Amino acid sequence: MSNVTITLPDGTKKEAPAGVKIADFVKDSIGPGLAKAAVFARLDGQDVDLTRPIEKDAALQIFTSKSPEALEVARHDAAHIVADAVQRLYPGTQVTIGPSIEDGFYYDFFREKPFTPEDLEKIEAEANKIVQADLPFRREEVQVAEAIALFEKMGEKFKVEIVNDIVAKGAKTLTLYRHGDWVDFCLGPHGPSTAKVGVIKITKSSGAYWRGDHRNPMLQRIYGTAFFDKKALDAWLKQREEAEKRDHRRLGKELDLFHFHPFAPGSAFWTPKGTAIYTALSSYMRKLCLDNGYVEIKTPLLYNKGLWEISGHWGKYKENMFLVEDSDTKEHDFSLKPMNCPSHHLFYGFKKHSYRDLPLRFHTQDVLHRNEAAGSLGGLTRVRQFAQDDAHIYCREDQIADETKRFVQLLDKVYNALGLTYVPKFATRPPQRLGDDALWDKAEGALKSALDGLGLKYELKPGDGAFYGPKLDFDVCDSIGRRWQLGTFQVDYLAPSKDRFDLTYIGEDNAEHRPVVLHRAIFGSFERFIAILIEHFSGAFPCWLAPVQVTLVTVADRHLDYARSLKEKLRGLGYRVELDERGMTMQAKIREAQLQKIPFTLVVGDKEVEQQAVAPRRYGGEDLKTMPVTQFVELLQKEAAVP
RNA sequence: GCCGACAUAGCUCAGUCGGUAGAGCAACUGAUUCGUAAUCAGUAGGUCGCCGGUUCAAAUCCGGCUGUCGGCUCCA
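Everything numeric in this text was worked out from a predicted model, so none of it was measured. (Residues numbered from 1 in each chain as written. Chains lettered and ligands numbered in written order. Predicted model: local features only at pLDDT ≥ 70, side-chain atom pairs only at ≥ 80, totals over all residues. Heavy atoms only, no water.)

**Quick notes on the environment of lysine 172**
Residue position: lysine 172 is located in the loop between helix H6 (157–168) and strand E12 (173–179). Between the C-alpha atom of lysine 172 and that of glutamine 143, which follows or precedes it by 29 residues, the distance is 6.1 Å. (Helix = DSSP H or I, 4+ residues; strand = E, 2+ residues; numbered from the N terminus.)

Okay, here's the thing in structure tokens:
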């Protein structure tokens, strides 16, 4: 028998007989320890089971339970195990698909009755029994006809449909994976046996449409996660608990920032404290825009449908708009604006523009309404009424690159100031699009050169651009690692066109030209951005954003007059100050100030009154010792400075 | 919009088998005047989300609606 040469990741080359199973090779030629810890292998870049033979010279990498890749495989194993458990407990339930996802896995079933919470408990117990049973995963390659016959016999109609689909794509054979008596059609790879999975936790269930299409039957989806050992699961559960503590809906109540009422679903009521944050961000963004060559405009909130017909919203977005009945015509001819762009385009058209006007940058923070599906509303992250830090830039084509650079720099400044890290995503031309390739080449080239010029790393999302132009989306990572798409920058050649808004400018050649529109936002929406900041800071805002920046605590009631005068003084300087006059002890008031995460608590007693001083304490407990009021004002000035 | 769960005082929650509600915190009153994370006592606060049904009797069981939550769909 001939030998094959196997190259390990460190470059070591080893000889083994051709056809040797990966597992055996690892055990005999590398070490039994690794063999025991191995979950799957990568053979010449392809992920495979450890039971696969090595037929030719190849590079081999082994993934053990320490690697994230192996955890992903184990979670896919877990999905199979859960499906097995479900079919053991509830015969007649059909399986569909069950991938591993970030943080776990899901499996979709077809079944008349949804799963109850009690069902899920039973399923979890059954799944972990299968784990304990240590059943090996077995891979089997079969002809498609054989697979179809098998699934038809089993009554697995959805599986038959999936197999037929891949047959249509030209597949002749496919792989089955079995553990015990259970079988699924699956690409793999899988771990060596069910025991390797460790521990399975069912987290939730929900409905999900077959193939994600709401016209298709509703399936029952079970979500779960798996870890190689219970300790890791416990750590994950604990981390989830911590995340719940900083949930903006919870902190919104605890810190008294906003409310919702059933009479206005999806629209927030902002308390004085919440409003303070909102206003601070709004003023900050306004100043930033004005300082960077934008002008601020305000446009109407309500428009005749004529506008939406030009913009295309009436055809494409109508179901998301709040229509308003005209009391004269009794027709729903008006709509609240869901976006600012059309009104900005109208504004641009109010006068003739010269090339000297460009780039023209309109900033607007108007209120927008979108009739989001009832079931999709949630806290401040998905609302029906909100405001964007919106702007539209009207420029010449040759100015796109520079405008992109300016925008990215502005965005970088804002996110850095708030401690948010981000990843730009470059979304290029989609299959269905307007405009010719030369136009797209130019637009994409401009975005790319701007990103390259700034030395920014970005991810590519080919084909994910808007139908009217390429875009950059900015995914922000918050302090607990969750990602949110906030900022956006989009190139739009469509809106200025003849049959849309027919926007023009007079060029140096004294002829009419069409500007390009750049849609852009940094916060995205104030509502959602505040939600993310609440969770990012866990409610402990930096001083410039804190709803209450300073709270005054008196040692005894006789110090109240002094405290009141201090409050007026600081308020007069423009700071947000509170004085708690309730008849509680100083200690209780300090505790409350800490729970409210107020940046500075000023304690005043006999000593402070006498010396015209304050004793500041920072959020977190640092005692700054008694200092003159003037000195504290200097400190506050520094700490509360807008970045 | 679809699937499921949930809805009790301002907040967090208890309320067993159907017998018309209870705690802590907050509020209010009084006493206490205290040096860096909870002083003590008392008072008040609820058509148990809304509408209907079953029952002698409903917070509790059933149906509808609204809202919230977890997903799905959608997300210029």
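**What to know about the nonpolar core**
Grouped together as the largest cluster of nonpolar side chains are 58 residues, with contacts concentrated most on Leu281 and Tyr415. Those residues in contact with tyrosine 415, other than ones at most four positions away along the chain, are Leu420, Tyr422, Phe474, Val476, Leu486, Gly487, Ile522 and Phe529. (Core = buried A, V, L, I, M, F, W, Y, C linked by side-chain atoms within 4.5 Å. Buried < 20%, exposed > 50% of the residue type's maximum accessible area, 1.4 Å probe, protein only. Contact = heavy atoms within 4.5 Å.)

**Thoughts on the pattern of salt bridges**
Using the criterion set out here, one finds 49 salt bridges in the structure. A salt bridge links aspartate 108 to arginine 221, with the nearest nitrogen and oxygen atoms 2.7 Å apart. Residue aspartate 108 is found in strand E10 (residues 104–110), and its partner arginine 221 is found in strand E15 (residues 218–227); the two are separated by 113 residues along the sequence. On the accessibility criterion, arginine 221 (15% relative accessible area) is buried. With its nearest N and O atoms 2.6 Å apart, the salt bridge here joins aspartate 165 to arginine 211. Here aspartate 165, found in helix H6, pairs with arginine 211, found in the loop between strand E14 (199–209) and E15; they are 46 residues apart in sequence, far enough to count as distant. Overall, the relative accessible area of 32% leaves aspartate 165 in the partly exposed class. (Salt bridge = Lys/Arg side-chain N within 4 Å of Asp/Glu carboxyl O.)

**A word on the sheet that holds strand E4 (residues 38–43)**
One open sheet holds the five strands; their spatial order is E2-E1-E7-E4-E5, and the pairing between them is mixed. Here the strands that pair on one side only, and so sit at the sheet edges, are strand E2 (13–17) and strand E5 (46–48). Strand-to-strand twist across the sheet, computed as the mean angle between neighbouring axes with direction ignored, equals 35 degrees. Relative to E2, strand E1 (residues 3–7) is paired through five bridges, and the arrangement is antiparallel. Across the sheet, threonine 7 pairs through a bridge with lysine 13, a residue of E2. Here helix H3 (residues 68–89) sits on the sheet in contact with E4 and strand E7 (58–64), set at roughly 110 degrees to E4. (Pairing = 2+ DSSP bridges. Axes fitted to C-alpha atoms, helices over the stretch in contact; angles between N-to-C directions.)

**Structural notes on the sheet that holds strand E11 (residues 137–143)**
Across the sheet, which stays open at both edges, the three strands sit in the order E11-E12-E13 with antiparallel pairing between neighbours. With partners counted over all chains shown, the strands left at the sheet margins are E11 and strand E13 (182–185), one partner each. Averaged over neighbouring strand pairs, the angle between their axes works out to 30 degrees when direction is ignored. Looking at chain direction, E11 and E12 are connected through seven bridges and run antiparallel. Its bridge partner lying in E12, arginine 139 is registered against tyrosine 177. With respect to the sheet, H6 is in contact with E12 and E13, its orientation differing from that of E13 by roughly 35 degrees.

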